[in-house]
Amino acid sequence: ILVVEDKGELRQLVVSVLEGAGFTVLQAADGQEGLERVQQAGDALTLVLTDVVMPRMSGQRLWASVRAEGRQVPFLFMSGYTEEAVPQPAAGGGPLLH
């Protein structure tokens, strides 16, 4: 599992919980670093758990970049923002529906 979160303390908490549950976890501090980790991991990733709002590259942009490379790893989005602040997918689907 790749955890992409710009807030270090929160990222460490999520990583600790997942590792405690027996998962192998990679981590990245923003979407750009997350994209690099996805490229390095190849097909070994089973999930990307990403924040939505981050500096350098958002979680949605990360999803789009990974899909543009032809990778089909599942994404799970998380955010501390209210529903109104999180971009919603366009009609017909989008990253929040995949």
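Refer to the structure printed above.
Criteria and thresholds
Residues numbered from 1 in each chain as written. Predicted model: local features only at pLDDT ≥ 70, side-chain atom pairs only at ≥ 80, totals over all residues. Heavy atoms only, no water. Helix = DSSP H or I, 4+ residues; strand = E, 2+ residues; numbered from the N terminus. Contact = heavy atoms within 4.5 Å. Buried < 20%, exposed > 50% of the residue type's maximum accessible area, 1.4 Å probe, protein only. Core = buried A, V, L, I, M, F, W, Y, C linked by side-chain atoms within 4.5 Å. Pairing = 2+ DSSP bridges. Axes fitted to C-alpha atoms, helices over the stretch in contact; angles between N-to-C directions. Patch = residues over 30% accessible without salt bridge, like charges linked within 9 Å, V, L, I, M, F, W, Y side chains within 5 Å. Areas by Shrake-Rupley, 256 points an atom, 1.4 Å probe, with all protein chains shown as cover. Salt bridge = Lys/Arg side-chain N within 4 Å of Asp/Glu carboxyl O.

Give me the overall build of the chain: which residues, what numbers.
Each helix and strand counted, the chain has three helices and four strands in total. Reading the chain from its N terminus to its C terminus gives the helix and strand order β-α-β-α-β-α-β. Here the contacts in the chain between residues at least 6 apart in sequence split such that 60% fall between residues at least 24 apart.

Describe helix H3 (residues 59–68), with residues and values.
Among the ten residues in H3, seven count as buried, and that is most of the element. Inspection of H3 places Gly59, Gln60, Leu62, Trp63, Ser65, Val66 and Arg67 among the buried residues, and these make up the whole buried set. Residues of H3 that are buried in the fold lie against strand E1 (2–4), helix H2 (31–41), strand E3 (48–51) and strand E4 (75–78). Within two residues after H3, Gly70 carries a phi angle of roughly 90 degrees, on the positive side.

Quick one: what's the story with the nonpolar core, residue by residue and with numbers?
One finds Leu2, Val4, Leu45, Val48, Leu62, Val66 and Phe75 to be the most contacted residues of the largest nonpolar core, which totals 17 residues. Mapped onto this core, the elements with two or more residues apiece are E1, H2, H3 and E4. Ignoring sequence-local partners within four residues, the contact set of Val4 consists of Ala28, Asp30, Gly31, Gly34, Val48, Leu49, Thr50, Asp51, Met54, Leu62 and Met78. Core analysis: the second largest hydrophobic core is formed by eight residues, Ile1, Val15, Leu49 and Met78 among them.

Outline the sheet that holds strand E2 (residues 26–28), listing residues and values.
Pairing in this open sheet of four strands is parallel, and the strands run E2-E1-E3-E4 from one edge to the other. At either margin of the open sheet sits one strand with a lone partner, and together these are E2 and E4. Looking at each pair of strands side by side, their axes are set apart by 15 degrees on average, direction ignored. For E1 and E2, the ladder comprises three bridges, and the chain directions are parallel. By the bridge assignment for E2, Val4 is matched with Ala28. On top of the sheet, H3 reaches E1, E3 and E4; it is set at about 170 degrees to E4, its chief contact.

Which residues make up a nonpolar patch on the surface, and what values go with them?
Where nonpolar side chains cluster on the molecular surface, the patch consists of Leu10, Leu13 and Val17 and spans about 270 Å² of accessible area. Relative to the helices and strands, Val17 is located in helix H1 (residues 8–20). With a relative accessible area of 54%, Val17 lands in the exposed category.

Describe the environment of Met57, with residues and values.
Looking at where Met57 falls in the secondary structure, it is placed in the loop between E3 and H3. Taking relative accessible area as the criterion, Met57 reaches 8% and is therefore assigned buried. The spatial distance from the C-alpha of Met57 to the C-alpha of Gly34 is 9.0 Å, given a sequence separation of 23 residues.

That is the geometry; function is a separate question.
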